[in-house]
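In case you want the letters, here they are:
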Amino acid sequence: MSGPDSFEEYVAARRGALLRTAYLLTGSGDDAEDLVQVALIKAVPHWKRIADHPEPYVRKILARESVSRWRRRRWREVPTGQLPETSVDGPSADRVELQQALARLAPRQRAVIVLRYYEDLTEVETARVLGISVGTVKSQARDALARLRLDALDTVST
Amino acid sequence: MTTLHDRLTELADEAPAGGPAPELWDRGRRLHRRRRAGTVVIVAVAALLLGILGTTSWLRERQQPAPAGASEGLRLPDEFFVPGEFTDGTDDAGELGPLTAVLRAPRHGDRTGLVGIGGSSGIYRFLDLPGWVQDDNVALSTDGSRVAYWYGARSGGLTAPRIDGLAVYDTTTGTIARDPIESDHGLMSQPLVLVGDEVWFEEQPFIDEDREATNGGSVLAWRIGGEHVRTWQPSAGPVPSLVDATTVDGRLVDGATHRVRLWSSDRVEPEVRRTGRSIEAPVQPSPLTGVYVAVLGRDGAAVSASDPRPVVTLAATAPGRFHTNLVPGLETSEVVGWRADTVFVTFDYRTSVFAQVPMDTASAKPLTRLTSDLGDVGLQVAADAWKGPTYGASAPPDPWDPRLVWGAGGAVVLVAAGLVVLWRRRVRA
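Bear in mind the structure is a predicted one, so any value in this text is a computation, not a measurement.

> Explanation requested: the overall build of chain A in the structure shown.
If you tally the helices and strands in chain A, you get eight helices and zero strands. In chain A, the order of α-helices and β-strands from amino to carboxyl end is α-α-α-α-α-α-α-α. Looking at the 158 residues of chain A, the share that counts as buried comes to 51%. Restricting the contact set of chain A to residue pairs at least 6 apart, pairs at least 24 apart contribute 62%. With an accessible surface of roughly 7,600 Å², chain A has 48% of that area assigned to carbon and sulfur atoms.

Right, here's the structure in full:
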């Protein structure tokens, strides 16, 4: 089965997880939903080929789209005193702090952090997903972590 | 202490659950179709542009050979052209065989090239002459099989080129025979004449490094591939004048004022024939009839060299004398050769038309013409070619600069590739 049915099955099963990753990549619920939709739509033309194991391909589109969108639209959050979005109950101080710190990272640095420390990909896998070299992954991760520590996240261990 | 993973997981919990996402599959298929359609259009347009570029380029460089003739000898086009500067050279396209004519033409921008016109094919091709100093003094043999030229180092500016010797190019095999001539500062370029198997030239070595002043003026005859067989020194007697000299039966003919001289490398002294009237070189001898033809001399009259002059025929009536006959009603700039035993060929500088003139009627009839907007291109027609059959000539190729063609092709591919990438990124389902 490699047609619409398997695609719908995959969407139903994995959309939530993809939204969580997209949320970390974008920092916005609406953008996360938009990003996931775009990634899934772009996966459709290749579905016949990737149906057996679609996750890596979709994740690759997700991560690259989050970076290239920023390039196209100069879409970068400006750090402000207020979070762009809060849950009904309101986020904890730690979450706000982390969200603001992530927002201050360059999109590629943020993608490296999300892939390496949320998705638990290796450096090689992260490099493959983003289409960059392992050395770039290392340097981007190092810079991003240093920045996070500067932003009072020094209690965070990797 | 919490890990970064833990804190990212906590933050990710705030992600939206996701509302309905209808028609993702259909939107994906639409995206695919739009991407493909756009890509096909861009690739098709690029292919069309490349096709137009390639076809136009090919048409411009394609040579239209002369119509097949009954014989393989030299043939005469009804028009001579100046080809484009990116026309093929013999190094790449091969030798042309005996040539109907040679002429100078701009080559690759600031260079001057010597163009050969194939005797039977009519094809134009630059002659890649090793070491040619790109000067005006080249000589084409009567049968079109050899080209004599000066070799050395080209001039970089106002300084004359440094000439180290003369060379003869075989138009069929491409082989070069050289005659190196020793001098401290090189030789000055002087007219060359191919006389049978010999090249006659004037040796004028420069006496200064700036190559401004010369010394000497001896005329030498070099047997091609061999030795100098004769030297005429001004201090020892008369020397041949090589400017506008012609040849007949292995002898060089120079003419001026009231005499014609015939020189042979067998003898120091020329055979001199008085003409009775002043004439002007070149004097064209007919090998079969022994009649010579030339224009009348100006004798100090205030007329320019290109103004038409009356024509006279010279017939030997007694040893050492020519009887001169004015050709009635005919004026021309120069007599350039013989088309038949009693038909000579003239050239009019004002119209660039070569005409054939029967001696008995003197009625000039256009034979061929030179089409050039470059002024004097040094057209030299092999003497035997004047006797050949004529054909309707097509304009030679005018290829584009290959760098321009490849650059334009590359640019089309790059722009198309960029548009495809841009389109595939930008297109929305």
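There's plenty left to go through after this.
> It is not clear to me how the sheet that holds strand S24 (residues 380-381) of chain B should be interpreted in this structure. Could you clarify?
Note: strands within a sheet are paired through backbone hydrogen bonds, in either parallel or antiparallel orientation. All names here are of chain B. Strand order in this open sheet of four strands is S5-S4-S3-S24, and the pairing throughout is antiparallel. Both outer strands of the open sheet, strand S5 (124-126) and S24, are each paired with one neighbouring strand and no more. By the bridge criterion, eight bridges tie strand S3 (residues 99-107) to strand S4 (residues 111-118) in an arrangement that is antiparallel. In the sheet register, Val 102 faces S4, and the bridge partner there is Gly 116.

> How should I be thinking about the environment of Glu 209 of chain B in this particular structure?
Residue and element names in this part refer to chain B. By secondary structure assignment, the location of Glu 209 is in the loop between strand S11 (198-203) and strand S12 (218-223). Looking at Glu 209, the relative accessible area reads 64%, which means it is exposed. Residues Glu 209 and His 185, spaced 24 residues apart in sequence, show a C-alpha to C-alpha distance of 5.8 Å.

> How do you make sense of the packing of aromatic side chains when you look at a structure like this?
All names here are of chain B. A full pass over the atoms with the stated rule returns 12 aromatic pairs over all chains. Ring centres 5.8 Å apart and planes at 85° place the aromatic pair Trp 150 and Phe 201 in the edge-to-face group. Of this pair, Trp 150 sits in strand S7 (residues 146-153) while Phe 201 sits in strand S11; the two residues are 51 residues apart in sequence, bridging distant segments of the chain. Relative to Trp 386, the ring of Phe 354 has its centre 5.1 Å away and its plane inclined at 45°; by these criteria the two rings are tilted. Remark: Trp 386 occurs in the loop between S24 and strand S25 (390-391) and Phe 354 occurs in strand S22 (residues 353-358); sequence separation between them is 32 residues. Summarising the burial analysis for this pair, Phe 354 and Trp 386 share the class buried. Grouped by ring-pair contacts, the aromatic residues Phe 80, Phe 347, Tyr 349, Phe 354 and Trp 386 constitute a single cluster. Sitting over the ring of Tyr 151, Arg 178 keeps its end group 4.5 Å from the ring centre.

> Hey, could you run me through the interface of chain A and chain B in this one?
A common way to express how large an interface is: the accessible area buried when the components associate. The interface of chain A with chain B comprises 40 residues on the first partner and 32 residues on the second. Summed over both partners, the interface of chain A with chain B comes to about 3,400 Å²; 63% of that surface belongs to carbon and sulfur atoms. Connecting chain A to chain B are three salt bridges. Among the salt bridges present, the one from Arg 95 of chain A reaches Glu 14 of chain B, with a minimum N-O distance of 3.3 Å. Here chain A is connected to chain B by six residue pairs in polar contact (both at pLDDT 80 or more). Elements with a minimum of two residues in the side of chain A that touches chain B: helix H1 (4-26), helix H2 (29-43), helix H4 (55-73), helix H5 (93-103), helix H6 (107-117) and helix H8 (134-150) of chain A. Examining the composition of the side of chain A that touches chain B, we find that nine residues originate from one element, H1 of chain A, more than from any other. Here the side of chain A that touches chain B is composed, by residue class, of 21 nonpolar, eight polar and 11 charged.

> Any chance you could explain the nonpolar core here in plain terms?
One recurring pattern in soluble globular proteins: nonpolar side chains tend to sit buried together. Phe 7, Leu 40, Leu 62 and Ile 113 of chain A together with Leu 4 and Leu 8 of chain B are the most contacted members of the largest nonpolar core, which totals 56 residues. Broken down by element, this core gets its largest block of residues, nine residues, from H1 of chain A. Among residues more than four places away in sequence, those in contact with Leu 62 of chain A are Leu 18, Thr 21, Ala 22, Leu 25, Leu 35, Val 36 and Ala 39 of chain A. By size, the runner-up hydrophobic cluster in this structure holds 38 residues, among which are Leu 96, Leu 99, Ala 101 and Tyr 124 of chain B.

> Looking at this structure, how should I read a negative patch on the surface?
A cluster of acidic residues, Asp 5, Glu 8 and Glu 9 of chain A together with Glu 23 and Asp 26 of chain B, forms a negative patch at the surface. In terms of residue count, the dominant contributor to the negative patch is H1 of chain A (three residues). Along the polypeptide, Glu 8 of chain A turns up in helix H1. The exposure class of Glu 8 of chain A is partly exposed, given its relative accessible area of 40%.

> Help me out: how do you make sense of the pattern of salt bridges in this one?
Here the idea is simple: oppositely charged side chains can pair when their charged atoms come close. Tallying each qualifying case throughout the model produces 21 salt bridges over all chains. Taking the shortest distance from any N to any O, the salt bridge between Glu 33 of chain A and Arg 15 of chain A comes out at 3.7 Å. With Glu 33 of chain A in helix H2 and Arg 15 of chain A in helix H1, this residue pair connects regions lying 18 residues apart in the sequence. What makes Arg 15 of chain A buried here is its relative accessible area of 10%. Between Glu 271 of chain B and Arg 273 of chain B there is a salt bridge; the shortest N-O distance is 2.9 Å. Residue classification places Arg 273 of chain B among the buried positions, given a relative accessible area of 14%. Through salt bridges that share partners, Arg 251, Glu 271 and Arg 273 of chain B make up one connected network.

> Looking at this model, I keep getting lost on the layout of surface pockets. Mind explaining?
Rolled over the atoms, a probe with the dimensions of a water molecule shows which regions are left empty. The calculated volume of the second largest pocket comes to roughly 670 Å³. Together, 21 residues line the second largest pocket, and Lys 42, Arg 64, Glu 65 and Ser 68 of chain A together with Arg 425 of chain B are the ones closest to its centre. Residue assignment for the lining of the second largest pocket shows that the elements contributing at least two residues are H4 of chain A together with helix H4 (402-426) of chain B. Top contributing element to the lining of the second largest pocket by residue count: H4 of chain A, with nine residues. Considering only residue class, the lining of the second largest pocket consists of seven nonpolar, three polar and 11 charged.

> What should I look at first to understand the packing of H2 of chain A against helix H2 (residues 24-61) of chain B in this one?
Any two packed helices are characterised by the angle at which their axes cross and by the distance between the axes. Between H2 of chain A and H2 of chain B, the shortest axis-to-axis distance is 7 Å and the interhelical angle comes to 65°. The element H2 of chain A and its partner H2 of chain B pack so that their crossing is right-handed. For the pair formed by H2 of chain A and H2 of chain B, the contact residues are Gln 37, Leu 40, Ile 41 and Lys 42 of chain A on the first element and Leu 24, Arg 27, Gly 28, Leu 31 and Arg 35 of chain B on the second. Residues of the contact of H2 of chain A with H2 of chain B, tallied by class, amount to four nonpolar, two polar and three charged.

> Before we go on, may I ask you to explain the sheet that holds strand S8 (residues 162-170) of chain B in this structure?
All names here are of chain B. Sheet architecture is open: four strands sit in the order S6-S7-S8-S9, paired in antiparallel fashion. Every interior strand has two partners, whereas the edge strands, strand S6 (138-140) and strand S9 (176-180), have only one. Each neighbouring strand pair of the sheet contributes to a mean axis angle of 25°, computed without reference to strand direction. Where S8 lies against S9, five bridges are found, and the strand directions are antiparallel.

Rules and cut-offs
What you see as residue numbers is a count from 1 along each chain, following the sequence as written. To label them, take the chains in the order written and letter them from A, then take the ligands in the order written and number them from 1. A pLDDT threshold of at least 70 governs which residues receive local features in this predicted model, and a stricter bar of 80 or more applies before side-chain atom pairs are shown or counted, although totals over entire chains, interfaces and linings include all residues. Calculated side-chain values reflect all of the structure's heavy atoms, with hydrogen atoms and water omitted. Under the scheme used here, helices are H or I runs from DSSP no shorter than 4 residues and strands are E runs no shorter than 2 residues, and both carry numbers assigned from the N terminus. Exposure classes here rest on a 1.4 Å probe applied to the protein chains alone. A residue is buried below 20% of its type maximum, exposed above 50%, and partly exposed in between. Contacts are assigned to residue pairs that have any heavy atoms within 4.5 Å of one another. Using the Shrake-Rupley algorithm and a 1.4 Å probe, accessible areas are obtained, with residue cover drawn only from the displayed protein chains. Here, strands pair whenever DSSP counts at least two bridges between them. Ring pairs shown here join Phe, Tyr and Trp side chains whose ring centres sit within 6.5 Å, with only the six-membered ring taken for Trp; geometry is labelled stacked below 30 degrees between planes, edge-to-face above 60, and tilted in between. Note on geometry: a ring has a charge over it if NZ (lysine) or CZ (arginine) is within 6 Å of the ring centre and within 35 degrees of the ring normal. By buried area we mean how much accessible surface two parts lose on assembly, using a 1.4 Å probe and totalling the loss over both. For salt bridges, the criterion is a side-chain nitrogen of Lys or Arg within 4 Å of an Asp or Glu carboxyl oxygen. Under the rule applied, a polar contact is a pair of N or O atoms within 3.5 Å (in protein, one hydrogen donor and one hydrogen acceptor; residues adjacent in sequence only if both atoms are side-chain atoms). Gly is placed with the polar residues, together with every amino acid not listed as nonpolar (Ala, Val, Leu, Ile, Met, Phe, Trp, Tyr, Cys and Pro) or charged (Asp, Glu, Lys and Arg). The definition of a nonpolar core used throughout is a set of buried Ala, Val, Leu, Ile, Met, Phe, Trp, Tyr and Cys residues joined through side-chain atoms within 4.5 Å. Here, patches come from residues exposed beyond 30% relative accessible area and free of salt bridges, joined within 9 Å for like charges and within 5 Å for nonpolar side chains (Val, Leu, Ile, Met, Phe, Trp, Tyr). The positive count covers Lys and Arg only, the negative count covers Asp and Glu only, and His and the chain ends enter neither. The location of each charge is read from NZ of Lys, CZ of Arg, CG of Asp or CD of Glu. Computed over the protein atoms alone on a 1 Å grid, cavities are sets of points where a 1.4 Å probe fits but cannot get out and pockets are open sets with protein on both sides within 12 Å along at least five of seven lines; a residue lines them when it has an atom within 4 Å of a point. Grid points are joined across faces, edges and corners, and a volume is the space filled by probe spheres set on the points. For every element, the axis is a line fit to its C-alpha atoms; helices are fit only across the contacting stretch, and the angle between N-to-C directions ranges from 0 to 180 degrees. What makes a crossing left-handed is the near helix being turned counterclockwise from the far one by less than a right angle; a clockwise turn instead makes it right-handed.

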